[in-house]
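What the coordinates show
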Amino acid sequence: MSSPFTDRRLVIAIALFCCFLWGSAVPAVKIGYGLFAIAPSDTPSLMLFAGTRFFLAGVMLLGYSTLTRKPIVQPPRRLGQLGLLGLISTAGQYLFYYIGLAHSTGVKVSIITSTSTFFSVLIAHFLYANDKLTPRRTLGCLLGFAGVVAVNLAAGGIDLHVSLLGEGFIVIAALLFSVGGVYGKGLSADMDAAVMTGWQLLLGGAILGLAGLVLGGSFGAFGLEAALLLAYLAALSAAAFALWSVLLKHNPVGSVSIFICAIPIFGVLLAGLFLGESIFEWKNLVALVLVSVGIWMVTATRRTV
């Protein structure tokens, strides 16, 4: 019996909703730095912030799974696999992401994050017979990466503020997101996607948060606004990662990951709305066009999900 999660219309709706949530996280996290009084150079506190967010997201998902009578207890071997997934997709990815976001702008981060689409397409080419690259898809990937270059262009050439700690770390985070998605697809084949995601977030968040504490991380401030923001970030992570895992479980990696193109669109708009960053600079508009055209060229070769 075919799963409803293979229906193209439902896949598009869920994927775009996930990307909206992830796009909203860009300004929310940067606002959180201010509410928690965390300096961009305070890496241990950034790790504690991220770890707390994802640990709470894992608690939410596992709590929901318990209420809906889904078994959450896992054998030791499976917990080891879930721990590795958490290390890749949560601890590793967001260690790089939070540091990169602290050293870059919300607009740049939103667009560069879309590189995970192209990493996923390349990985799927080598792992799945029905996700092979074609000249058209290859050109689409190249256009997408051209968009990443365009967002770093200024009137005098390449933006001198480009750095390994900023844009470089965001690219690494995008790669880890793609690797984790492929690995998680394999694990979800014989377990509930929400339970898998809950353990991934819980274990990965614990690793990240404890590492931050050990290294001296702390919250410089904590009030009602900070608590509400943290709750929102945890809830969006729980919802987005769980729904994304369901889509990956029932569909080819390439056909789902393509929709990540929506993250820069949502992220740029929300960064402009909440952070006051410039949206209509020519470099940002050119980057969005290149990324969108690249995605279209990749998806145009796939008529069904």
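To keep things clear, this report deals only with the structure shown in the data block. (Residues numbered from 1 in each chain as written. Predicted model: local features only at pLDDT ≥ 70, side-chain atom pairs only at ≥ 80, totals over all residues. Heavy atoms only, no water.)

1. A short note on empty space enclosed by the protein
As enumerated under the stated definition, the model contains four cavities of 30 Å³ or more in all. Here the largest cavity is characterised by a volume of approximately 180 Å³. Looking at the largest cavity, it is lined by 15 residues, and the ones nearest its centre are W22, Q93, Y94, Y97 and T113. Elements that contribute at least two residues to the lining of the largest cavity include exactly α1 (8-35), α3 (76-102) and α7 (164-187). By residue number, the principal contributor to the lining of the largest cavity is α7, which donates four residues. Of the volumes computed, that of the second largest cavity is approximately 140 Å³. G180, G181, Q200, S245 and L248 are the residues nearest the centre of the second largest cavity, which is lined by 15 residues in total. Elements that contribute at least two residues to the lining of the second largest cavity include exactly α3, α7, α8 (193-214) and α9 (224-250). A class-by-class count of the residues in the lining of the second largest cavity yields six nonpolar, seven polar and two charged. (1 Å grid on protein atoms, 1.4 Å probe; cavity = no way out; pocket = protein on both sides within 12 Å on 5 of 7 lines; lining within 4 Å. Points joined across faces, edges and corners; volume = space filled by probe spheres on them. Helix = DSSP H or I, 4+ residues; strand = E, 2+ residues; numbered from the N terminus. Nonpolar A, V, L, I, M, F, W, Y, C, P; charged D, E, K, R; others polar.)

2. Topic: the nonpolar core
In this structure, W22, F49, Y97, Y98 and W244 are the most contacted members of the largest nonpolar core, which totals 58 residues. Counting residues in each nonpolar core, the second largest holds nine residues, with L82, M191, V195 and W199 among its members. (Core = buried A, V, L, I, M, F, W, Y, C linked by side-chain atoms within 4.5 Å. Buried < 20%, exposed > 50% of the residue type's maximum accessible area, 1.4 Å probe, protein only.)

3. Remarks on the packing of α1 against α3
Their axes nearest at 10 Å, the elements α1 and α3 cross at an angle of 65°. Between α1 and α3 lies a crossing whose hand is right-handed. From α1, W22, V26, V29, K30 and Y33 reach across to α3, where they touch Y94, Y97, Y98, L101 and A102. By residue class, the composition of the contact of α1 with α3 is nine nonpolar, no polar and one charged. (Axes fitted to C-alpha atoms, helices over the stretch in contact; angles between N-to-C directions. Left-handed = near helix turned anticlockwise from the far one by under 90°. Contact = heavy atoms within 4.5 Å.)

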